[in-house]
Amino acid sequence: KRASSRPPLPVRRIEPATRVLALRAHVPAMRLLTHNLLQCNKKGVTNGFPLIIRPAEMKYEESPYNKDFTTAMVPKLQYDALLQALQWVREYPPFARGEGLPAGGLPELPPALPASYESDEGFLQKLHLVLFDIHLVEGVLACPESGREFPVNGRIPNMLLNEDEV
């Protein structure tokens, strides 16, 4: 006998194709924003940032522009490291040839963060593209000091250290 008087919840069958699309929509992505937050924490390393990007596969995937979110991310950025990362991305051979990129290619960012970036719509749109639309799908992130390589597989960086590195 049921303890509750509520009817049972209906069982909803999800078709396999729908399941795959739902999973794809929530796959974490190795974007340049993520790269800007990662560093090598290997024992003895004092200069583990920024990690060197060595891509095997990269993709440009446009995302909806969100001015407020992009603006909110700026104080969290190491801007000089972002410029360096963008240079490494430019060297990825298909991107260097302009393949798989939006019209006009990768945007040029100014050498220093604009003082009034909050009101600079053009800068924020370029920054959004760089931070959120460029994905490292496969490759490695390498420590600039020790050379320790962290693999990126399926857009997910593996930053785990071995026992002797902790």
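To be clear, the structure that these remarks concern was listed above.
One numbering rule holds for all chains: residues counted from 1, following each sequence as written. Given that the model is predicted, a residue must reach a pLDDT of at least 70 before its local features are reported, and side-chain atom pairs must reach 80 or more before they are shown or counted; all residues, however, enter totals for whole chains, interfaces and linings. Side-chain numbers come from the whole structure's heavy atoms, not from hydrogens or water.

**As for the packing of aromatic side chains**
Rules: Pairs were defined over the aromatic rings of Phe, Tyr and Trp, the Trp ring being its six-membered one, requiring ring centres within 6.5 Å. Orientation was assigned from the angle between planes: stacked under 30 degrees, edge-to-face over 60, tilted for the rest. Here a strand is any run of E in DSSP of at least two residues, a helix any run of H or I of at least four, and the numbering for each starts at the N terminus. For each residue, the accessible area found with a 1.4 Å probe, counting protein chains only, is set against the maximum for its type, and the residue is called buried under 20%, exposed over 50%, and partly exposed in between. A positively charged side chain is recorded as over a ring if its NZ (Lys) or CZ (Arg) lies within 6 Å of the ring centre. The angle to the ring normal must also be within 35 degrees.
Here the structure, examined in full by the defined rule, presents three aromatic pairs. On the basis of an interplanar angle of 35 degrees and a centroid distance of 5.5 Å, the ring pair of Phe-69 and Phe-132 is categorised as tilted. Remark: Phe-132 occurs in helix α6 (residues 121-132) and Phe-69 occurs in helix α3 (residues 67-73); sequence separation between them is 63 residues. Phe-132 gets classed as buried once you look at its relative accessible area, which sits at 9%. Ring geometry for Tyr-92 versus Phe-95: centroids 5.2 Å apart, planes at 90 degrees, classification edge-to-face. An identical accessibility class is assigned to Tyr-92 and Phe-95; each is buried. Cation over ring: Arg-148 sits above Phe-150, and NZ or CZ is 4.5 Å from the ring centre.

**Describing the sheet that holds strand β1 (residues 52-60)**
Counted only if it meets this: Each pair of strands is called paired provided DSSP finds at least two bridges between the two strands. Every residue pair with non-hydrogen atoms within 4.5 Å of one another is taken to be in contact. With axes taken as lines fitted to C-alpha atoms, and helix axes fitted only over the stretch in contact, angles between N-to-C directions fall between 0 and 180 degrees.
Taken together, the four strands give an open sheet; going across it, the order is β1-β2-β3-β4, and neighbouring strands pair in antiparallel fashion. One side of each edge strand has no neighbouring strand; the edge strands of this open sheet are β1 and β4 (156-157). Bridging between strand β3 (residues 149-153) and β4 involves two bridges; their strand directions are antiparallel. Across the sheet, residue Asn-153 finds its bridge partner in β4, namely Ile-156. In the packing of helix α4 (residues 79-90) onto the sheet, the strands contacted are β1 and β2 (134-142), and the crossing angle to β1 comes to about 65 degrees.

**A word on the nonpolar core**
For the record, the criterion: Side-chain atoms within 4.5 Å link the members of a nonpolar core, which is a set of buried Ala, Val, Leu, Ile, Met, Phe, Trp, Tyr and Cys residues.
Membership of the largest hydrophobic core comes to 38 residues, with the highest contact counts inside it found for Leu-82, Ile-134 and Leu-141. Of all the secondary-structure elements, those providing two or more residues to this core are α2 (32-37), β1, α4, α6, β2 and β3. At seven residues, the largest contribution of residues to this core is made by α6. When sequence neighbours within four positions are dropped, the list of residues in contact with Leu-82 reads Leu-32, Asn-36, Leu-77, Leu-109, Leu-127, Val-130 and Leu-131.

**Considerations on the pairing of β2**
Among the nine residues of β2, eight are classified as buried, and the element is accordingly described as predominantly covered. Where β2 meets β3, four bridges bridge the pair, whose relative direction is antiparallel. Bridge pairing links Gly-139 to Val-152 in β3.

**A short note on α4**
Put simply, the test is: By this rule the span expected of a helix is its residue count minus one, scaled by 1.5 Å. Starting at the helix axis, one direction is taken to each C-beta atom, and the arc is that of these directions.
With 12 residues, α4 should reach 16 Å at 1.5 Å per residue; the first-to-last C-alpha distance of 17 Å fits that figure. Taken residue by residue, α4 has Tyr-79, Ala-81, Leu-82, Ala-85, Leu-86, Trp-88 and Val-89 as its buried positions. Angular distribution of buried residues about the axis of α4 spans 165 degrees; they occupy a single face of the element. In the core, the buried residues of α4 are packed alongside α2, β1, α5 (93-96), α6 and β2.

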